[in-house]
Amino acid sequence: MKFSCFWVVCLFLVTGGLVAQENLLINIYNRETKSLNGSWKYIVDPYENGYYNYRYEPLENFENLWKLAFFTNAKPENKSDLVEYDFDKSDSILVPSDWNTQKEKLFYYEGTVWYKKSFDYLVKKKSNRVFVYFEASNYQTDVYLNGKKLGTHLGGFTPFNFEITSLLKEKHNFLIIKVDNKRKKEGVPTLNTDWWNYGGLTRDVKIVETSANFIQDYFIQLNQENNKKIKGTIKLNGQNLNSKKVQLSIPELGIKKEFVSNDIGEVSFEIESETIQYWSINNPKLYEVIIQSDEDKTIDQIGFRTIKTEGSKILLNEEEVFLKGISIHEESPIREGRGYSLKDAEQLLLWAKELGCNYVRLAHYPHNEHMVRLADKMGIMVWEENPVYWTISWENESTFLNAKNQLTELIQRDKNRASVIIWSMANETPATVARNSFLTRLAKHTRALDNTRLISAALEQSSVEGNSNIRTIDDPFAEVVDVLSFNQYIGWYEGLPEKCRSISWNIEHNKPVLISEFGAGAKKGYYGDKDTRWTEEFQENLYTETLNMIDGIEQLKGFSPWILVDFRSPRRVLPNIQDGWNRKGLISEDGQKKKAFFVLQNYYNNKAN
Ligand code: GCB
């Protein structure tokens, strides 16, 4: 078979076409966009027949096999022509949303599904640019427009976009997306997790139109060293970006300033203001911030606050704060499956508020943007987490780059959110040399992108040598973090709840301590005595005992028990109790509060912030 130069170029695009960070757009939340949500055609392709030939070579490498590739959306040219797929005659599926809970036959499916959407698009102005923006898609996403590959994205929980200006037509565009959620050893996360591997276009898909030169990025917040100054950078994207005018206004603060960009289209500034009302949990003040260039304008709602640590204290606007938290998975409390909507976010955060929380841990991966936007409005502090979970391939450089890329996309999306106070690098990872280096590099990268927030990771505790009743943190990564967090399950995976009474804590670090997880499983409506596992009383007792125990940790500055709502996990198979659900929720998947909810609520209500 002929292997022409053209196909070599295509192959390069396929293998080398991973999304680069430089072009990720921000504040799409507030931009005018065309939604591609709704009904899409789909083809389930477990053998990836739409991508490989029978020798398992990509079809696109062969001129004569090209049309067999599903992304070409080929149709038979005459009645004898052989084309063995047809999107238009295939079933439909809704976007956004995972496929598992939409189609019964896909409940346990892990593999490739091809999505297709046709659309017309009239650009508003000829010189404008157009992008297709994905809020998230799990896990590997290959994107094709009108038969041409735009690129590949890895990772299930962060946004990415591709420019489509030159490929777009007024009529009959077809976007074909290959989404593959197969778990992989070298992936982030890897093969083993304690949550459901929901696949598909799980968040919104949008078309974004911008001017030729547009405002691509900005980072605007309070100077952490001087709370009378607002500090920021703005970055334009386009051609000839030197000496462009950029205006920043915050009308409520009487701020209106004009800057001129440097040769790469960036401006940096510091603006004094004596009258800033700081964002806080009691007064989550957000200002309307308007950024304008010659051709573009974008508006955001930004809160200004400082967050820092001092010894073992966490200071929000220089005042000590105790983080009354709860961990949350991104599952819809309204429908089944992966959460994605504003309504999902509202329900979860309202429950957290009802529990008395001023803080949430969004575990174990970046949640949808509604969560942090709403937390900004509701005055809830947020821990955001990269899906570096349990047993990543620490020595694999491409795994590292993948983890770094996902974290970068998260920071890019949320760095202007006052509610976000902690970036978490990982959860429950083994303290090996390779892992220490992996996480230290991630932390260094995070600080380089954003040195205004705190860095943490959910670590593990251990016994001091010779006395299993004295617990400590001897993980070397504790030296790197700003906030020392760890998970502990004394009374559930280790002994019974009363065991908490025999444990004392010897933590030597002069840093704030957070307990990022503790908990016990209980089936809503299963009642009994406190020693009977899975009863609400067992869980209730575990909370009572744990709260007594951890009150004895001197540097304790908050916690986020595991977890707000029961969530799906294929690891949880006990019939009539788990049935595929991790039961450590304080609320059942159908919204009923368990007894332990009220123990924690009572504790939080009696505890000062
Ligand atoms: C943990 C993990 C969390 C699990 C939880 C459990 O330590 O961080 O992802 O779901 O334990 O229920 O075992």
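None of the values given here were measured: they were computed from a predicted structure.

**Observations regarding the layout of surface pockets**
Put simply, the largest pocket is a space of about 630 Å³. Lining the largest pocket are 30 residues, with Phe219, Thr233, Lys415, Ala448 and Leu449 positioned closest to its centre. Looking at which element gives the most residues to the lining of the largest pocket, the answer is strand S11 (residues 214-223), with seven residues. Here the residues of the lining of the largest pocket are counted per class, giving nine nonpolar, twelve polar and nine charged. Counting only domains with at least three residues in the lining of the largest pocket, you end up with domain 2 (214-295) and domain 3 (309-605).

**Looking at the pattern of salt bridges**
Taken as a whole and assessed by the stated rule, the structure comprises 49 salt bridges. Across the pair Glu32 and Lys124 runs a salt bridge whose closest N-O atoms are separated by 3.6 Å. Of this pair, Glu32 sits in the loop between helix H1 (5-16) and strand S1 (33-35) while Lys124 sits in the loop between strand S4 (112-119) and strand S5 (129-134), and the two are 92 residues apart along the sequence. In this pair, the class of Glu32 matches that of Lys124, namely exposed. The salt bridge involving Asp91 is made with Lys103; its shortest N-O contact spans 3.2 Å. Here Lys103 lies in the loop between strand S3 (92-95) and S4 and Asp91 lies in the loop between strand S2 (38-44) and S3, a separation of twelve residues in the sequence. When its relative accessible area of 39% is taken as the criterion, Asp91 is described as partly exposed. One network of salt bridges, with partners in common, ties together Lys75, Asp86, Asp88, Lys89 and Lys116.

**Some details on the pairing of S3**
Going residue by residue along S3, you find Ile93 and Val95 tucked away on one face and Ser92 and Leu94 left uncovered on the opposite face. When S2 meets S3, the two strands line up antiparallel, connected through four bridges. Looking at S3, one finds that Gly38 is bridged to Val95.

**Focus: the site of the ligand**
The full set close to the ligand counts 14 residues, and Asp194, His364, Glu428, Tyr493 and Lys584 are the nearest of them. Between Tyr493 and the ligand, the recorded distance is 2.4 Å, taken from a side-chain N or O atom to an oxygen atom. The separation between an oxygen atom of the ligand and a polar side-chain atom of Lys584 is 2.5 Å. Considered class by class, the residues forming the shell around the ligand number five nonpolar, four polar and five charged.

**A look at the packing of helix H4 (residues 397-414) against helix H5 (residues 433-449)**
Orientation of H4 relative to H5, taken along the N-to-C sense of each, is 30°, at an axis distance of 10 Å. For the element pair H4 / H5, the angle class is roughly parallel. Every pair of crossing elements has a handedness; the one defined by H4 and H5 is right-handed. Residues Glu397, Thr399, Phe400, Ala403, Lys404, Leu407, Thr408 and Ile411 of H4 form the contact with H5, whose participating residues are Phe438, Arg441, Leu442, His445, Thr446 and Leu449. Looking at the contact of H4 with H5 residue by residue, the class counts come to seven nonpolar, four polar and three charged.

**Some details on the pairing of strand S6 (residues 140-145)**
For S6, the tally of buried residues reaches six of six residues, placing the bulk of the element in the interior. Across six bridges, S6 lies against strand S7 (residues 148-154) in antiparallel orientation. Bridging across to S7, Tyr144 finds its partner in Lys149. What sits between S6 and S7 in their antiparallel hairpin is a turn of two residues, with Asn146 showing a positive phi close to 50°.

**Quick word on the domain arrangement of the protein**
Looking at the assigned domains, one finds that the protein contains domain 1 (5-210), domain 2 (214-295) and domain 3 (309-605). Looking only at domain 1, the three residues that lose the most surface to domain 3 are Tyr29, Asp194 and Trp195, adding up to 22% of its buried area. With a closest N to O distance of 4.0 Å, Asp194 and Arg571 form a salt bridge. Where domain 1 meets domain 3, there are 18 residue pairs in polar contact (both at pLDDT 80 or more).

**Points about the sheet that holds strand S17 (residues 297-302)**
What the four strands build is an open sheet, ordered S14-S13-S16-S17; its pairing is antiparallel. Only two strands of the sheet have a single neighbouring strand rather than two, namely strand S14 (255-260) and S17. Adjacent strand axes in the sheet meet at a mean angle of 15° when their direction is disregarded. Pairing between strand S13 (residues 245-250) and strand S16 (residues 287-293): four bridges, direction antiparallel. Across the sheet, the residue bridging to Ser249 is Ile290, located in S16.

Definitions and cut-offs
- Residues numbered from 1 in each chain as written.
- Predicted model: local features only at pLDDT ≥ 70, side-chain atom pairs only at ≥ 80, totals over all residues.
- Heavy atoms only, no water.
- 1 Å grid on protein atoms, 1.4 Å probe; cavity = no way out; pocket = protein on both sides within 12 Å on 5 of 7 lines; lining within 4 Å.
- Points joined across faces, edges and corners; volume = space filled by probe spheres on them.
- Helix = DSSP H or I, 4+ residues; strand = E, 2+ residues; numbered from the N terminus.
- Nonpolar A, V, L, I, M, F, W, Y, C, P; charged D, E, K, R; others polar.
- Domains from an automatic or database assignment.
- Salt bridge = Lys/Arg side-chain N within 4 Å of Asp/Glu carboxyl O.
- Buried < 20%, exposed > 50% of the residue type's maximum accessible area, 1.4 Å probe, protein only.
- Pairing = 2+ DSSP bridges.
- Near = heavy atom within 4 Å.
- Polar contact = N/O pair within 3.5 Å; in protein donor to acceptor, adjacent residues only side chain to side chain.
- Axes fitted to C-alpha atoms, helices over the stretch in contact; angles between N-to-C directions.
- Parallel < 35°, antiparallel > 145°, perpendicular 65-115°, else oblique.
- Left-handed = near helix turned anticlockwise from the far one by under 90°.
- Contact = heavy atoms within 4.5 Å.
- Buried area = accessible area lost by both parts, 1.4 Å probe.

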